[in-house]
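An overview of the molecular structure
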Amino acid sequence: MKVIVSGNTEIASQQTVGFLSDALKEKPHSVFLLPTGGTPLEAYAILRDKYAAGKIDFSHATSFNLDEYLGLKKGHPESYRSFMHKNLFGHVNFKKGNVYIPDGNTADPDRYCAEYDAALRGAGVDLALLGIGTNGHIGFNEPGTKFDSITHVAKLNGATIKANARFFRSAAEVPRRAVTCGLGNIMAAKKIVLMAFGKQKAAAVAKAIEGPVTEAVPASVLQRHPDVTFVLDREASMLLKSTPLLPPLLGGIRLYSDFNLPRGKKIVYFSPHPDDAAICSGAILKKLAETNEVREVVMTSGHRAVVGSLDQDGRIALRERETEAEAKILGSLPYFLRLRFYESGELDENDMKKLRELMQRVRPDIAFVPQRSDAHPTHKLSRKIALACLPQGIEVWSFETPWALFGHGKFNAAFEFGEKTMRTKLGAIRKHRSQTRRTSFDLAAHAIAHFRRITIAEQFFSELGKKPIKTDPYLELYDIKRW
Ligand code: F6R
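1. A look at the packing of helix H14 (residues 419–430) against helix H16 (residues 441–461)
For any two helices packed against each other, one specifies the inter-axial angle together with the distance between the axes. At a closest axis distance of 9 Å, the pairing of H14 and H16 adopts a crossing angle of 150 degrees. Between H14 and H16, the angle falls in the class roughly antiparallel. Handedness of the H14/H16 crossing: right-handed. Contacts between H14 and H16 involve Met422, Lys425, Leu426, Ile429 and Arg430 on the former and, on the latter, Phe441, Asp442, Ala445, His446 and Ala449. When the residues that make up the contact of H14 with H16 are grouped by side-chain class, the tally is six nonpolar, one polar and three charged.

Spelled out as C-alpha cells, the structure:
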C-alpha cells in the first residue's frame, strides 16, 4: 500500500484528481466507482473546475456509485443521487447512460442488488475512489461484512448513523438501510484510492493500514489488494507508526513537508564549500536530521573566501569551526575532506580515493549534490567527483544555489517550511560569520525560499492557475533521480 500525506485537504484533493485524470488520459473509457460524503467534496469541485476549463473529458467514461440509502423520497436532497448530481454529474459530461447510482426506491432490493452487481461486474472497475467511516467501513460495508460480499442491502450501524446525522435534521432521520457494493466488488477494482481527512479518521486509517486483516475492520481487506493508495491529510495520518509516508505529486512536483520526508535513511550532503549546505538546504537538513543519519561532507576548505589577517591554516580552522557550530544547529555530522582540487582546479586520484573510502564506510541511501547546471568551478567539480564515487541505485537529490537557480522544468521536488524552520536555517547560515559579514547569504537564502514559494505555487501546484495552492511560506527546490 502507498500512503500519500498532504499538508491540507486541498492538496490531497488535487492529488486524488490527479489519479482520476491520469486514468482518463491512459484510458478514456475508464470505469470509476465513486463515493459520496464529506471527504470527496473538494475533489469533485476540482473536477468541475477542470471540466469547465476544458482540461478533462468524461464523455467515454462510466461511473458506478458505491452506495445509496434505501427509502429516502425521490429527489430528497440527502439521497446520494441528489448529492452526485449536485456535486459532479450535473456539471460534467458523463453520458447519461454511463452513470449508475443504486436506486434507493426499488420495490425489490434483493433483486435490484443482483442486477446492479451484474452491471458493475460486467463493466469492470478501473479505479475505485473510497472514503472511510470512523468504524473502518468502506461503502456501507459495516464491521462484520464478509470480505467476499457483493452488492447487497446493508444495515447501517450506530457509528455510521451518528456520523451521517450531520447531513439530516437529526439522527432519527438517517435511513437505517442502504444498497451498497460489497467488499468483493471493491477488491475487484484494478486500482483503489482511499481518501481520509481529519483526526476523527486517524484510528480507522491506522487499523486499516497497520492492523490485522479482519472483518471487524472492513477497510483492512485493502491490505490484500496489489494497487491501493491512501490519500491522507496530516491529521488522518497521525496514528500510523511504521508505514513510510510519501509526498503528494502535483503538476510533476513532489511536495515534501516535515511529516512526509524519508525516515531511517543514511544521507550524505556534499557541500562544495563549508556554508553551502546551510545556505541551500538548511531547512530540509534540519528536518531530515530528526529521523535520519545526516552527514555533511564538506568537500573543500573554502579558505580563500576568508578575508583578513589569518594565515591559511587559521582560515581553514575558522571555517571548520563555523561549520561545526552550524552542524550542531542542523543536527548533522560534519566531515571535512579538504580535497586538493580546490587548489589545483583538477580532480586527482587522491581526492577520488578519499571519497570512495568514505562512501564505502557510510553506504548512503540518499546523496545531495549541486545541481547539474551549476557553473561555479568548485560546485561543478564537487558534483562530478561525488557522482563518480556514489554507489548505484541510491537516490540523488540535486540542490540549487544562489549562484545557479534551477531553470524551468529542471526540478521535480519542493520542501515547504514555516517561520520556525526558517529561523533555524538562518541561524545555521549565520554561524558562518566569516562569510555573512562579507555578503548577506542569510538574506539571499531567505529571499530565494520566499520567491520560490510565490512563483512555484502559482506555476505548478494549482491545477487551474486560478489561485495558488496553500503551502507553508517557504520552499527549497530539489531534483530527485535514481542513480
Ligand atoms: C459514501 C461511502 C462511505 C463514506 C464514509 C466516509 O458513499 O461509501 O463509506 O465514504 O462514510 O464519509 P465522509 O466522507 O462523509 O466522512
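There's more to say after this.
2. Remarks on H14
Here H14 is 12 residues long and its end C-alpha atoms lie 16 Å apart, about the 16 Å a rise of 1.5 Å per residue gives. Thr421, Met422, Lys425, Leu426, Ala428 and Ile429 are the residues of H14 that are buried. Taken around the axis of H14, the buried residues stretch over an arc of 160 degrees, which confines them to a single face. Set apart from the buried face of H14 by more than 90 degrees, the exposed residues are Lys420 and Arg423.

3. Considering the site of the ligand
Within the structure, the ligand sits among 16 residues, and Thr39, Asp67, His137, Gly139 and Lys201 are positioned closest to it. Note that an oxygen atom of the ligand is positioned 2.8 Å from one of the backbone N or O atoms of Gly38. The contact in question runs from an oxygen atom of the ligand to an N or O atom on the side chain of Asp67, over 2.7 Å. Here the ligand loses 94% of its free accessible area of 410 Å² to cover by the protein chains. Taken together, the residues that form the shell around the ligand break down as five nonpolar, eight polar and three charged.

4. Looking at the state of the cysteines
A covalent bond between the sulfur atoms of two cysteines is what we call a disulfide. Under the defined criterion, the tally for this structure stands at zero disulfides. Residue Cys113 stays outside any disulfide, its sulfur separated by 9.2 Å from that of Cys181, the closest cysteine. On the basis of relative accessibility, which here comes to 3%, the residue Cys113 falls in the buried class.

5. Re the nonpolar core
Ranked by internal contacts, the top residues of the largest apolar core, which has 37 residues, are Leu33, Leu222, Phe230 and Leu232. Going through the elements one at a time, strand S1 (2–6), strand S2 (31–34), helix H4 (109–123), strand S6 (127–130), helix H6 (183–187), strand S9 (191–196), helix H7 (202–210) and strand S10 (228–233) are the ones with two or more residues in this core. Looking at this core, the element that brings in the most residues is H7, giving five residues. The contact partners of Leu222, leaving out residues within four places of it in the chain, are Met1, Leu130, Ile138, Ile186, Met187, Ile192, Leu194, Val228 and Phe230. The next biggest cluster of nonpolar side chains, apart from the first, holds 32 residues, and it includes Ile267, Ala277, Ala289 and Leu426.

The rules we used
Residues numbered from 1 in each chain as written. Predicted model: local features only at pLDDT ≥ 70, side-chain atom pairs only at ≥ 80, totals over all residues. Heavy atoms only, no water. Axes fitted to C-alpha atoms, helices over the stretch in contact; angles between N-to-C directions. Helix = DSSP H or I, 4+ residues; strand = E, 2+ residues; numbered from the N terminus. Parallel < 35°, antiparallel > 145°, perpendicular 65-115°, else oblique. Left-handed = near helix turned anticlockwise from the far one by under 90°. Contact = heavy atoms within 4.5 Å. Nonpolar A, V, L, I, M, F, W, Y, C, P; charged D, E, K, R; others polar. Expected span 1.5 Å × (residues − 1). Buried < 20%, exposed > 50% of the residue type's maximum accessible area, 1.4 Å probe, protein only. Arc of directions from axis to C-beta. Near = heavy atom within 4 Å. Polar contact = N/O pair within 3.5 Å; in protein donor to acceptor, adjacent residues only side chain to side chain. Areas by Shrake-Rupley, 256 points an atom, 1.4 Å probe, with all protein chains shown as cover. Disulfide = S-S within 2.5 Å. Core = buried A, V, L, I, M, F, W, Y, C linked by side-chain atoms within 4.5 Å.

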